[in-house]
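Structural overview
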Amino acid sequence: MLYTPAPMHIPDGFLSMLVSAVCWALTVIILAVALSQANKTFNERQIPLMGVMAAFIFAAQMINFPVAGGTSGHLLGGALAAILLGPWAGMLVMMAVIAVQGLLFQDGGLLAMGANILNMGLLAVTVAYGLYRTVLNRPRGLKLAVAGIAAWLSVMTGALATALQIWLSGNAKLEIILPAMLGIHALIGLGEALITVAALAFIFKTRPDLLEGGETVRGGRGWIVTGLLITLAVVLLAPLASANPDGLEHVAINMGFHTTGQAAPYEFLPDYTIPFLGATPLSTILAGALGVLMVLALAFLIGRLVLKKP
Amino acid sequence: MPIVHETKPVIPLLTSCDGDVLHIEHLNFAYPDGHVALRDVSLNLCAGEKVALVGPNGAGKSTLMLHLNGILNGNGNITVGGLASNKENLPIIRAMVGMVFQNPDDQLFSPTVFEDVAFGPLHMGIAEAEIKVRVTAALTQVRMSGYAERLSHHLSMGEKKRIAIATVLSMNPQILILDEPSAGLDPRARRGLINLLDELPVTMLVSTHDMTMVRDLFPRMVVMDEGRIVADGLTARLLKDEALLEAHGLEKP
Amino acid sequence: MHDNVFDRYRPGDSILHRLDPPLKVVVTVAFIISNVLLPDAAWLAFGLSWLLILASSQMAGLGIGYTTRRSVVALPFALAAITAIFSVPGNALADWHIGATPLTVTDAGLLRFASIMLRAWLSVQGAILLVATTRFPDLIHALEHLRLPKLLVTIIAFLYRYLFVLTDEVLRMLRARMARSAAMPGQQSGGSLLWRAKVTGNMVGQLFLRSYERSDRIYNAMLARGYTGQIRTLNPHVMKGRDWLFATLAAAAFTLLQIIGRM
């Protein structure tokens, strides 16, 4: 009971070399930005704070609550970390939690760790903070409500990304894994939302200064745009893909991710052809959405980094 | 019951030194929320002295201790080993004042014992070879040699307390400040710790509620209440003053 | 009590225990990459990979079956791979319909599923071997030598240290909750789902506040010992002759596995 693996940690072997490498690359880039932000804006007090907060998220994941029929829910913590610590510190803290879970407990693989950090750490923090940022100066009730939605969406975002990565690796059928992952995590996300809201409500009551004071480094308005874009992607992509998986399949094959069984798995630098004039209109939309999203997220992060430099 | 401080004349110092190790003059401090924690505190400590600091919770003992190496900064003069406590001297003063916090889990923040004992010397900028010598010496002093590679979370409370003392001994401090060293220890570990403190040839200021330890170990005792020093003198004499003990919530051992 | 729950290190003095930790990390990752790169149905290569693990486990003094016994952690995720059975084109073996979705079990699909499971199972054993023969603090230092930024390494080191302290606090809280969760005979206990979630949330909030205050005290303890914002560490690392030998042998073995896997 002490340590229960969460269902979203991808073990090694489930992702292809290419997908693992791309996820690691994205993770490294985003973490590099987070680190440079940390070095610029954090004070020395933040180092022990982030360290203990990482242990806090880890320990908080052990507090379970019985849901029904012998199953129990527990926290993943991405949204809570984002709201309590701000986006950059939240990302670094979640990175540490996922890294230790993979390294020490084999909960999630090492090669797959890039994907795991991306899904449960970086994406979850970004979408949760983006949404929460919209109500930063609003009444507490509204903040709590949005925090709940943000927590639920952070779990759904992670689940969607996980499903897509396994499918892109050619190791699952999209029309099964997508509804399955999203269905399970819609429930898990509900638990996440309930605990996150209750925990925040408790902190609002006892130490409101920690949530409303300016001590932790907060993100700018760019987070709102990024958060809403990811939300939009989750909301649109999930039903679209479930309804017509062939389109997405087609895109993946063209993008070189998806090997259909016989192709040599060691070719991990395939032709990178994005089918903007692809066969079906749907594939075009989805390829566009996926690509634009990735590019926007990256551009935003890099843009912030460049702009902040004197 | 209102406590009257002025009625008790402060017993003169035992030694005639002028505070060659620690000299505090008219120190006042209030927390940002307005709570006044220190009122006109003056205190002298001489080389080799072992002094107990007693008083009820909230008397200002911990606040006073946090001033001794510049974690808090009130109004007044503090001199450590002849050096005025200011921003410039702070790094040297932090090396001279060895601060041992109450909860060893806060003090031992590194995964291994070696890393924790080496943390102080390392941040003082001491050379690598010298650091290893100091770590070994500090661990020997607290009778924990051979523990360098142990993991902090595997240690017992008594072991943690000893290692916590080693983490500051490795900085070769001129004065040790200990907050509640015997709290949370079982009788045997407590006895071992008292023997250790007795043996250590370092000037000490020890905050505690453990009056038996005060009687057995500290020739001099300072009583604080409501941010003031209300008595300072020979332990043997002050412990006989039942009115003083009563007024400040202290128990006779 | 944590000794068995959180510590995956098994003390020993074998060659594997004494190898350079950064090298062990690199070799473990290389082993996992080797597994992932093996083609589907490379049974001989999968088998030899497992033999490597068994032999290492034995050499480390853990007993031959140690990693295999502990490798079940990856199993819950198997469900996600089961759909591979239907997703790889090949000769149809069986047909089903779930609603409107046709599910065709193919021979290539079955091979893919079995291969994924084997890759996951072998990889997780490699990782288990790594943490069983390397103390976690040494692993943290290894990350530093592998050029992981210092801030990340420091956060991980703090996480590891306070994992034990905070999970102890959680256990005490859970016990206190249990001690007060009584139920009358025949009555359902625990209140509504919302109420239970609220109690859990309060515990999380409480834990946060305690952790936050603790980080303040730790910061003071660091300041008192000369911390000025830069974390310094002292952990020299030298590759010895046996480390180079081991690295060469591992590289040769993994290359051979890839060749065998493609024959």
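The rules behind these values
- Note on numbering: residues in each chain are counted from 1, in written sequence order.
- Each chain is given a letter, starting from A, and each ligand a number, starting from 1, according to the order in which they appear as written.
- Reporting in this predicted model follows two pLDDT cut-offs: at least 70 for local features of residues, and 80 or more for side-chain atom pairs to be given and counted; totals over whole chains, interfaces and linings ignore these cut-offs and use all residues.
- Side-chain descriptors were evaluated using all non-hydrogen atoms of the structure, hydrogens and water having been removed beforehand.
- Under the scheme used here, helices are H or I runs from DSSP no shorter than 4 residues and strands are E runs no shorter than 2 residues, and both carry numbers assigned from the N terminus.
- For every residue, the accessible area obtained with a 1.4 Å probe (protein chains only) is divided by the maximum for its type, and the residue is called buried under 20%, exposed over 50%, and partly exposed between those limits.
- Only the protein chains shown count as cover for residues, and all accessible areas are computed by the Shrake-Rupley method using a 1.4 Å probe.
- We call Phe, Tyr and Trp rings a pair once their centres come within 6.5 Å, taking the six-membered ring for Trp, and we label the pair stacked below 30 degrees between planes, edge-to-face above 60, and tilted otherwise.
- Consider the ring centre and the ring normal. A charge sits over the ring if Lys NZ or Arg CZ is within 6 Å of that centre and within 35 degrees of that normal.
- Between any two strands, pairing holds if DSSP finds at least two bridges.
- Residue contacts are counted whenever heavy atoms from the two residues lie within 4.5 Å of one another.
- Only the contacting stretch of a helix is used when fitting its axis, a line to C-alpha atoms as for every element, and angles between N-to-C directions run 0 to 180 degrees.
- By convention, orient the strands away from the viewer: a clockwise path from the first strand over the helix to the second makes the crossover right-handed.
- We call a set of buried residues a nonpolar core when its members are Ala, Val, Leu, Ile, Met, Phe, Trp, Tyr or Cys and they connect through side-chain atoms within 4.5 Å of each other.
- The score called pLDDT rates the predictor's confidence residue by residue, from a low of 0 to a high of 100.
- Two parts placed together each lose some accessible area under a 1.4 Å probe, and adding up what both lose gives the buried area.
- Each salt bridge in this description consists of a side-chain nitrogen of Lys or Arg and a carboxyl oxygen of Asp or Glu lying within 4 Å of one another.
- The definition of a polar contact used here is a pair of N or O atoms within 3.5 Å, where within protein one atom must be able to donate a hydrogen and the other to accept one, and adjacent residues in sequence count solely through side-chain atom pairs.
- Residue count minus one, scaled by 1.5 Å, sets the expected span of a helix.
- Relative orientations are named as follows: roughly parallel for angles under 35 degrees, roughly antiparallel for angles over 145 degrees, roughly perpendicular for angles from 65 to 115 degrees, and oblique for any other angle.
- Handedness of a helix crossing follows the sense of rotation of the near helix relative to the far helix, less than a right angle counterclockwise being left-handed and clockwise being right-handed.
- Basically, the charged four are Asp, Glu, Lys and Arg, the nonpolar ten are Ala, Val, Leu, Ile, Met, Phe, Trp, Tyr, Cys and Pro, and anything else, Gly included, counts as polar.

Looking now at the overall build of chain C. A count of helices and strands for chain C gives twelve helices and two strands. When the helices and strands of chain C are listed from N to C terminus, the series reads α-α-α-α-α-α-α-β-β-α-α-α-α-α. Evaluated residue by residue, chain C yields a buried proportion of 53% over its 263 residues. Accessible surface for chain C amounts to roughly 11,900 Å². Of this, 65% is attributable to carbon and sulfur atoms.

Bringing the packing of aromatic side chains into the picture now. Per the stated rule, a full pass over the model turns up 15 aromatic pairs over all chains. Seen in terms of ring centroids, Phe29 of chain B and Tyr31 of chain B are 4.9 Å apart; in terms of plane orientation they differ by 85°. Their pairing is edge-to-face. The exposure class assigned to Phe29 of chain B is buried, which follows from its relative accessible area of 11%. With centroids separated by 6.2 Å and ring planes inclined at 35°, the aromatic side chains of Phe109 of chain B and Phe158 of chain C adopt a geometry described as tilted. One end of the pair, Phe109 of chain B, is in the loop between helix H3 (104-107) and helix H4 (113-124); the other, Phe158 of chain C, is in helix H10 (residues 150-179), on a second chain. The same class applies to Phe109 of chain B and to Phe158 of chain C, which are both buried. Here a set of aromatic residues connected by ring pairs shows up, and it is made of Phe109 and Phe119 of chain B together with Phe158 and Tyr162 of chain C. Between Arg45 of chain A and the ring centre of Tyr212 of chain C, over which it is positioned, the NZ or CZ distance is 5.5 Å. The ring of Tyr147 of chain B is capped by Arg150 of chain B, whose NZ or CZ atom sits 4.5 Å from the centre of that ring.

Residue and element names in this part refer to chain B. Spatially, four strands are ordered S2-S1-S4-S5 in an open sheet, and the strand pairing comes out antiparallel. Here the strands that pair on one side only, and so sit at the sheet edges, are strand S2 (36-45) and strand S5 (83-84). Relative to strand S4 (residues 75-80), strand S1 (residues 22-30) is paired through five bridges, and the arrangement is antiparallel. From the neighbouring strand, Glu25 faces S4, where its bridge partner is Asn77. The strands touched by helix H1 (residues 61-68) are S1, S2 and S4; relative to S1, the strand with the most contacts, the crossing angle is about 120°.

Another aspect to go through is the pairing of strand S7 (residues 175-179) of chain B. Residue and element names in this part refer to chain B. Where burial is concerned, most of S7 is hidden: five out of the five residues are buried. Residues of S7 alternate between two faces, with Ile175, Ile177 and Asp179 on one and Leu176 and Leu178 on the opposite face, all of them buried. Relative to strand S8 (residues 203-207), S7 runs parallel, the two being bridged by five bridges. Within the sheet, the bridge partner assigned to Asp179 lies in S8 and is Ser207. With helix H7 (residues 187-199) bridging S7 and its parallel neighbour S8, the resulting β-α-β unit is right-handed.

Counting residues in hydrophobic clusters, the biggest one holds 192 residues, and the most contacted among them are Phe56 and Leu92 of chain A. For this core, the element with the highest residue contribution is H10 of chain C, accounting for 17 residues. The residues contacting Phe56 of chain A, other than those within four sequence positions of it, are Leu80 and Leu84 of chain A together with Leu166, Val204, Leu207, Phe208 and Ser211 of chain C. Within the second largest apolar cluster, 50 residues are counted, among which are Val100, Leu108, Tyr147 and Leu155 of chain B.

Residues and elements named next belong to chain A. Of all residues in chain A, 69% have pLDDT values of 70 or greater, and the mean over the chain is 75. In this model, residues 1-5 is a region of pLDDT below 50 whose contacts with residues beyond four sequence positions or in other chains number eleven contacts. Across residues 305-310 the pLDDT falls below 50, and counting only partners more than four positions away or on other chains, this stretch makes seven contacts in the model.

Tallying the contact residues gives 84 residues for chain C and 78 residues for chain A. Summed over both sides, the interface between chain C and chain A buries roughly 7,300 Å², with carbon and sulfur atoms accounting for 80% of that surface. For Glu213 of chain C, the salt bridge identified is with Arg207 of chain A, shortest N-O distance 3.6 Å. One can count six residue pairs in polar contact (both at pLDDT 80 or more) joining chain C with chain A. Looking at the side of chain C that touches chain A, the elements that each hand over two or more residues are helix H3 (21-37), helix H6 (78-81), helix H7 (84-87), strand S2 (101-106), helix H8 (107-133), helix H9 (136-145), H10 and helix H11 (193-224) of chain C.

With that settled, consider helix H6 (residues 140-168) of chain A. Each full turn of the α-helix corresponds to 3.6 residues, which orients residues three or four apart in the same direction. Residue and element names in this part refer to chain A. In this model H6 runs 41 Å from its N-terminal to its C-terminal C-alpha over 29 residues, within 8% of the 42 Å that 1.5 Å per residue would give. With 23 of 29 residues buried, H6 is to be regarded as a mostly interior element. Downstream of H6 by a residue or two, Gly170 has a phi angle that is positive, lying close to 75°.

The next subject is the packing of helix H1 (residues 17-41) of chain A against helix H4 (residues 87-105) of chain A. Residue and element names in this part refer to chain A. In the contact formed by H1 and H4, the axes pass within 9 Å of each other and the chain directions differ by 125°. When the interaxial angle is binned, H1 and H4 end up oblique. As for the relative orientation of H1 and H4, their crossing is left-handed in sense. Taking contact as the criterion, the partners of Ile30, Leu31, Val33, Ala34, Leu35, Gln37 and Ala38 in H1 are, on H4, Trp88, Met91, Leu92 and Met95. Partitioned by chemical class, the residues of the contact of H1 with H4 number ten nonpolar, one polar and no charged.

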